[in-house]
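Fold and contact review
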Amino acid sequence: MEQPTVRDATFQLLRDLKLTKIFGNPGSTELSFLADLPKDFDYVLSLQEASAVGMADGYARATGRAAFVNLHSAAGVGNGLANVYTAYKNQAPLVITAGQQARSLLLRGAYLAADRATEFPHPYVKWSCEPAQAEDVPAAIARAYEIAMQPPYGPTFVSIPCDDWDKTAASYVKINRVLPFGPANGEGLAEVVKKFQMARKPVIVMGSEVATYRAYDDVVQLAERIKCDVWTAPNAYAACFPENHRLFRGFLPAIPERLSQLLSPYDFVLVIGAPVFTLHVPGQLDLEPVTLGVYQITVDSDSASRARGTVSLVGDLSTSVQLLLRDLEDLPETASPAKALEPLNEDTVRTLTVELIFQSMQQLLPTEYTIVEEAPSHRPALQRRFPITRKDGFYTMGSGGLGYSLPASVGVSLARPHERTIVIIGDGSLMYSIQALWTAAQLKLPITFIVLNNSGYGAMRSFSKLLGFQNVPGIDIDGIDFSGLAKSLGVQGTQATDIGEFKSKLKLSFETSYPTLIDVQIDPYGGDIY
């Protein structure tokens with residue numbers, strides 16, 4: 001039997017791993033891999049490497065499987081690093097490969113060569129490798145996949161010299177099936193059960209791992225069994241509890257004093273699938289009123305090691321919660337009364353506010369949709385007026401870095417082609433990765449891009465106000481024609497200046513099967529980051 005080439009063995013491995021969609025932007029060091037691409041593979045072209053990584057991240061999160069990225073040597077990896085960082089924070093399983101100069105040239109410092117290539121993306125990849133010999137390339141990619149898919153998920157990186165692909169491989173790679181790890185420590189879970197039974201006013205704080213590791217239905221059942229208040233953890237980046245549920249109380253801020261105040265009425269706190277706690281500003285976090293302790297269940301041992309709580313349990317979320325359900329009887333209700341939010345009257349609101357925009361969107365939503373958001377200064381308004389009620393129905397970035405959600409929406413739409421993907425994005429965020437519009441147009445994806453145009457970086461205005469800073473330069477952005485930019489990239493672009501016009505254009509957008517963009521001019525000073 002003829003021995004396969006490294007390239008042949010790699011493509012067969014990618015088929016076996018169901019990694020037949022390649023997100024990338026090609027360069028000369030990738031030509032020997034990409035030339036004559038097999039017909040059962042799809043190449044998703046982005047026009048910049050950060051967008052390629054963002055698209056793969058969105059695809060991985062929407063499918064629950066790893067995604068495959070192919071970047072250009074050195075400079076291309078550098079371009080992609082912002083969204084590699086975000087993928088790491090999102091716990092998105094990515095197998096990132098990059099071309100490297102030919103092995104025969106590396107010793108002499110060749111053009112396009114990446115010195116110490118495996119160190120470049122660290123510390124924001126779980127593992128990296130440049131195989132010692134060409135025949136090890138398929139096995140290195142297999143290992144990268146297995147590590148990416150071990151909780152906590154995350155990106156891995158393999159640097160591949162461009163003259164490796166036509167070398168002879170030892171054999172095709174046999175995939176080693178890795179089974180998931182089990183529930184958290186049994187004694188610790190028994191302690192959680194006892195704490196709930198003792199508590200007069202318990203609370204559950206849900207985090208993004210609930211969505212990532214498919215524990216959403218389990219935690220809803222747990223909350224209904226305990227009948228206590230439920231909050232979403234600070235800086236959550238996915239839908240982790242139905243926000244119209246009668247037990248849901250809102251979103252905890254990443255500001256220590258306000259977080260302390262909101263948790264002070266409770267005597268027991270269980271945090272599921274989130275750090276304890278991620279803060280954005282310095283201050284004093286006071287958990288002393290929580291007399292029975294703050295317990296954490298997470299898949300991430302690093303998160304457990306950083307926790308500000310009492311006990312951290314590491315294990316699979318779904319099976320851990322199922323064990324809690326097995327041992328917990330229905331408990332007396334301790335939930336606080338829900339506070340109803342009065343709807344806005346369109347006839348009395350004189351300006352086009354984001355709250356009115358979000359309320360109007362709720363009225364026009366298609367049956368199946370996913371929200372992808374990157375408008376940090378308007379997230380509190382979104383949370384008030386647009387409760388996310390669909391499991392896996394919301395994505396944003398966990399890093400705080402802009403330039404993620406626009407390309408991520410392309411990946412989400414590729415994973416869910418029969419749904420409408422709705423992107424809520426600020427004008428500042430849009431400009432970080434606007435070239436992703438071209439990919440959406442080329443693929444004719446059913447995406448609606450809603451640009452909340454406040455003529456600048458609203459999050460910086462809001463944060464400056466929060467911290468008491470004034471006259472900060474570099475915040476205002478004027479004179480950009482976003483609908484014109486969209487049209488130049490193949491996306492139907494339009495503008496809306498009042499609520500009636502917005503609703504009319506939004507309805508038309510939802511009826512199309514291709515991408516559209518609506519540029520909505522709003523108050524530059526109307527945002528609030530927390």
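Residues numbered from 1 in each chain as written. Predicted model: local features only at pLDDT ≥ 70, side-chain atom pairs only at ≥ 80, totals over all residues. Heavy atoms only, no water.

What about the sheet that holds strand β4 (residues 94–100)?
Judged by pairing direction, the sheet is parallel, and its six strands sit side by side in the order β2-β1-β3-β4-β6-β5 without closing on themselves. Pairing within the sheet leaves two strands with one partner each, and these edge strands are β2 (42–45) and β5 (128–129). Relative to strand β3 (residues 67–71), strand β1 (residues 21–24) is paired through three bridges, and the arrangement is parallel. By the bridge assignment, Phe23 is partnered in β3 with Val69. (Pairing = 2+ DSSP bridges. Helix = DSSP H or I, 4+ residues; strand = E, 2+ residues; numbered from the N terminus.)

Digging into the nonpolar core
Phe196, Ile204, Met206, Leu222, Leu270, Ile272 and Leu324 are the most contacted members of the largest nonpolar core, which has 68 residues in total. Discounting residues that sit within four places of it in the chain, Leu270 has contacts with Val192, Phe196, Val203, Ile204, Val205, Leu222, Tyr295, Gln296, Ile297 and Leu324. Counting residues in hydrophobic clusters, the runner-up holds 44 residues, among them Val84, Leu414, Ala436 and Leu489. (Core = buried A, V, L, I, M, F, W, Y, C linked by side-chain atoms within 4.5 Å. Buried < 20%, exposed > 50% of the residue type's maximum accessible area, 1.4 Å probe, protein only. Contact = heavy atoms within 4.5 Å.)

Quick look at the environment of Ala486
With respect to the helices and strands, Ala486 occurs in helix α19 (residues 482–488). Residue classification places Ala486 among the buried positions, given a relative accessible area of 0%. Expressed as a C-alpha distance, the spacing of Ala486 and Leu445, which sit 41 residues apart in the sequence, is 14 Å. Not counting residues up to four positions away in its chain, the partners in contact with Ala486 are Leu437, Val491, Gly493 and Leu517.

Some remarks on the pairing of strand β7 (residues 202–206)
With respect to burial, β7 is a largely interior element, five of its five residues being buried. Here β7 shows a buried face lined by Pro202, Ile204 and Met206 and a second buried face lined by Val203 and Val205. With five bridges connecting them, β7 and strand β10 (residues 268–272) associate as parallel partners. Paired with Pro202 across the strands is Phe268, a residue of β10. In this sheet, strand β8 (residues 229–232) lies alongside β7 in parallel orientation, the contact comprising four bridges. Among the inter-strand pairings, Met206 is bridged to a residue of β8, identified as Thr232.

Details of the sheet that holds strand β11 (residues 294–298)
Read across the sheet, six strands follow the order β9-β8-β7-β10-β11-β12 without closing on themselves; strand pairing throughout is parallel. Only two strands of the sheet have a single partner each, and these edge strands are β9 (248–251) and β12 (311–314). Neighbouring strand axes in the sheet, compared pairwise and without regard to direction, differ in orientation by 20 degrees on average. The pairing of β11 with β12 spans four bridges and is classified as parallel. Across the sheet, residue Thr298 finds its bridge partner in β12, namely Val314. Across the sheet, helix α12 (residues 317–327) lies against β10 and β11, angled at about 130 degrees from β11, the strand it touches most. (Axes fitted to C-alpha atoms, helices over the stretch in contact; angles between N-to-C directions.)

Considering the packing of helix α3 (residues 49–63) against helix α15 (residues 405–415)
In contact at an axis separation of 6 Å, α3 and α15 are set at 40 degrees when each is read in the N-to-C sense. Classified by the interaxial angle, the pair formed by α3 and α15 is oblique. The way α3 lies across α15 gives a crossing that is right-handed. When α3 is examined against α15, the residues Ser51, Gly54, Met55, Gly58, Tyr59, Ala62 and Thr63 are found in contact with a partner set consisting of Pro407, Ala408, Val410, Gly411, Val412, Leu414 and Ala415. Class assignment of the residues belonging to the contact of α3 with α15 gives a composition of nine nonpolar, five polar and no charged. (Parallel < 35°, antiparallel > 145°, perpendicular 65-115°, else oblique. Left-handed = near helix turned anticlockwise from the far one by under 90°. Nonpolar A, V, L, I, M, F, W, Y, C, P; charged D, E, K, R; others polar.)

Side note on the pairing of β10
Of all five residues in β10, five are buried, a share of seventy percent or more. Taking every second residue as pointing to the same face, both faces of β10 are buried, with Phe268, Leu270 and Ile272 on one and Val269 and Val271 on the other. As defined by bridge partners, β10 adjoins β11 across four bridges and the pair is classed as parallel. Residue pairing in the sheet places Val269 in a bridge with Val294 of β11.

Details of the pattern of salt bridges
Under the counting rule described, the total for this entry stands at 18 salt bridges. A salt bridge links Arg214 to Asp392, with the nearest nitrogen and oxygen atoms 4.0 Å apart. Linking Arg214 in the loop between α8 (209–212) and α9 (216–226) with Asp392 in the loop between α14 (379–385) and β14 (394–395), this pair joins segments that are 178 residues apart in sequence. Arg246 is the salt-bridge partner of Glu333, the closest N and O atoms lying 2.8 Å from each other. Pair noted here: Glu333 is in the loop between α12 and α13 (354–364) and Arg246 is in the loop between β8 and β9, with a separation of 87 residues, a long-range link. (Salt bridge = Lys/Arg side-chain N within 4 Å of Asp/Glu carboxyl O.)

Looking at α15
Most of α15 sits out of view: ten of its eleven residues are buried. Listed in full, the buried residues belonging to α15 are Ser405, Leu406, Pro407, Ala408, Ser409, Val410, Gly411, Val412, Ser413 and Leu414.

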